[in-house]
Amino acid sequence: MCGRYEFNVEDRLLAHFYSRIDPTEAIQTGTVFPGEQVLVLGLNRNGQVRSTAMRWGFDGVGNDSRLLINARSETIMEKPTFAESFHNRRCLFPMSQFYEWSPAPNKEKYLFGANDPLFVAGCYQMKETPYGFQAQAVILTRFANAVVGPVHHRMPVIIQPNDIRQWLDDFQFARDYLVVDHAPELMTSKVPTQ
């Protein structure tokens, strides 16, 4: 599960994406929480990669009002809540680092990142609300690799920078991409308790 991440606008590339957002959008920077307006990357009608604002999380389904913030990559094409979005509307969450917590009772917090920003796989839906349509996005997760595994059994699906356009544009490529861990060499640090 990925339940929190960092979006540091002091990073030159993330600042570039951030500068391309409509200034009226209240994009969360620094530590990002579920339910907030976040910066994501998608394709415009001309097939160009663009920055846009979306809420992190799908509305709950049926009587379950909990925000759905992650989708399991192993079953995404079988789940009615996510399958159509994954097929037609993939996106990316650019981020500096992501957090995971070790299991109870300790629940220790760890930060994972690399030398460069991470591009985390996602998909989105357009949800009709009383105020118009709202873009809502979820992060795709996978079984953890050897770096994240000692802390948590799940981690985000990470897309390599050279694969961004194909991930966004080519369903077959995206589906096949989920089978292998493409994460860069991740570094980890334990976050001190306050």
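See above for the structure.
Before going into details, it helps to say that this report is about the structure given with it.

Cut-offs used in this document
- Residues numbered from 1 in each chain as written.
- Predicted model: local features only at pLDDT ≥ 70, side-chain atom pairs only at ≥ 80, totals over all residues.
- Heavy atoms only, no water.
- 1 Å grid on protein atoms, 1.4 Å probe; cavity = no way out; pocket = protein on both sides within 12 Å on 5 of 7 lines; lining within 4 Å.
- Points joined across faces, edges and corners; volume = space filled by probe spheres on them.
- Helix = DSSP H or I, 4+ residues; strand = E, 2+ residues; numbered from the N terminus.
- Nonpolar A, V, L, I, M, F, W, Y, C, P; charged D, E, K, R; others polar.
- Pairing = 2+ DSSP bridges.

So, about empty space enclosed by the protein. Considering all chains together, one arrives at one cavity of 30 Å³ or more under this definition. As for the largest cavity, its lining consists of Gly 42, Leu 43, Arg 50, Thr 52, Met 54 and Tyr 124. Mapped by element, the contributors of at least two residues to the lining of the largest cavity are strand S3 (37–43) and strand S4 (49–56). Partitioning the lining of the largest cavity into residue classes produces three nonpolar, two polar and one charged.

Attention shifts here to the pairing of strand S7 (residues 109–129). Moving residue by residue along a regular strand, the side chains alternate between the two faces of the sheet. With 11 bridges connecting them, strand S6 (residues 90–101) and S7 associate as antiparallel partners. Residue pairing for S7: Gln 97 is matched across the bridge by Gly 113. Pairing of S7 with strand S11 (residues 187–190) involves four bridges; the strand directions are antiparallel. Each bridged residue has a counterpart across the sheet, and for Tyr 110 the counterpart in S11 is Lys 190. As paired strands, S7 and strand S10 (residues 158–159) are joined by two bridges and run antiparallel to one another. When the sheet's bridge partners are listed, Val 120 is paired in S10 with Ile 158. With eight bridges connecting them, S7 and strand S8 (residues 132–143) associate as antiparallel partners.

Looking now at the environment of Phe 93. Inspection of the secondary structure assignment puts Phe 93 in strand S6. Taking the C-alpha atoms as reference, Phe 93 lies 9.4 Å from Gly 42; in sequence the two are 51 residues apart.

Another aspect to go through is unusual backbone geometry. Omega for the bond connecting Ala 104 with Pro 105 falls within 30 degrees of zero, at 10°, which places this linkage in the cis form. Mapped onto the fold, Pro 105 is located in the loop between S6 and S7. Not every positive phi belongs to a glycine, and Lys 107 is a case in point at roughly 50°. Considering the arrangement of structural elements, one finds Lys 107 in the loop between S6 and S7.

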